[in-house]
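Notes for the structure review
These are the residues of each chain, in order.
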Amino acid sequence: ARGMLAGEFLRFLESPTGAPRRLTTQTDHAEGWPSFTADGREIVYSTWSDQKLSSIRLVSAAGGEGKVLTPTPGHYLSPVLSPDRKSLVYQAGGGGRLGSALYSEQRGLYVQPVAGGAPRRSGHRERVASRTPAGRACVRGPARARRAGW
């Protein structure tokens, strides 16, 4: 996934003067695009591995091993959980050039039930632009774009 380098892991900074600590325990993929849940207790993030591609995971803000939320590998960016924690919104990008072209056919914005179920493509040109502290996503795309809403 664009923007992640091998060996990049999520770190948590307790205070401006404190030392950062690793959030996850794994070392087989890079981590990026973190987003706190609305209650601040967990972090949803994207991973990247040249061999396994990308997944979206959820980890406690206290640290631990991330739980995989996406059903298949892909090129995932900018994950965010809905405030009620029932839906996951993320961007599926594509490979090519330097990255694998596998799982690149259906790019766009996706909404997926966290409890299980198939992801639903909300649009092919929208992107998650920002997130509020309450977990709401602001998407950017064409004026006729559908809402990613939950």
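**A short note on the confidence of the model for the protein chain**
- Per-residue pLDDT for the protein chain averages 74, and the proportion of residues at 70 or more is 67%.
- Within the protein chain, the element-level pLDDT minimum falls on strand E12 (residues 137-140), averaging 46, and the maximum on strand E6 (residues 67-68), averaging 94.
- Low pLDDT (under 50) marks residues 1-6, which in the prediction has 19 contacts with non-local residues, meaning those over four places away or in another chain.
- Across residues 135-150, confidence stays below pLDDT 50; counting only partners more than four residues off in sequence or on other chains, it has 49 contacts.

**A word on the pairing of strand E7 (residues 76-81)**
- Buried residues dominate E7, accounting for six of its six residues.
- Linking E7 back to strand E8 (residues 87-92) in an antiparallel pair, the connection comprises five residues, with Arg85 at a positive phi of about 65°.

**Topic: the packing of aromatic side chains**
- For the structure on display, the rule yields two aromatic pairs.
- Considering the side-chain rings of Tyr76 and Tyr90, the 5.0 Å spacing of their centres and the 75° angle between planes classify their relative orientation as edge-to-face. Here Tyr76, found in strand E7, pairs with Tyr90, found in strand E8; they are 14 residues apart in sequence, far enough to count as distant.
- Taking relative accessible area as the criterion, Tyr90 reaches 2% and is therefore assigned buried.

**Let's talk about the side chain of Thr70**
- Topologically, Thr70 is positioned in the loop between E6 and E7.
- Within the structure, the side chain of Thr70 is placed 3.1 Å from the backbone nitrogen of Ile56, a separation counted as a polar contact.
- The residues touching Thr70, leaving out its near neighbours within four places in the chain, are Ser55, Ile56, Tyr76, Tyr90 and Gln112.

**Digging into the pairing of strand E4 (residues 42-48)**
- By the criterion of burial, E4 is predominantly enclosed, with six of the seven residues buried.
- Across five bridges, strand E3 (residues 30-36) lies against E4 in antiparallel orientation. Each residue of the ladder has a partner; that of Glu31, found in E4, is Thr47.

About the thresholds
Residues numbered from 1 in each chain as written. Predicted model: local features only at pLDDT ≥ 70, side-chain atom pairs only at ≥ 80, totals over all residues. Heavy atoms only, no water. pLDDT = per-residue confidence, 0-100. Helix = DSSP H or I, 4+ residues; strand = E, 2+ residues; numbered from the N terminus. Contact = heavy atoms within 4.5 Å. Buried < 20%, exposed > 50% of the residue type's maximum accessible area, 1.4 Å probe, protein only. Pairing = 2+ DSSP bridges. Phe/Tyr/Trp six-rings, centres within 6.5 Å; stacked < 30°, edge-to-face > 60°. Polar contact = N/O pair within 3.5 Å; in protein donor to acceptor, adjacent residues only side chain to side chain.

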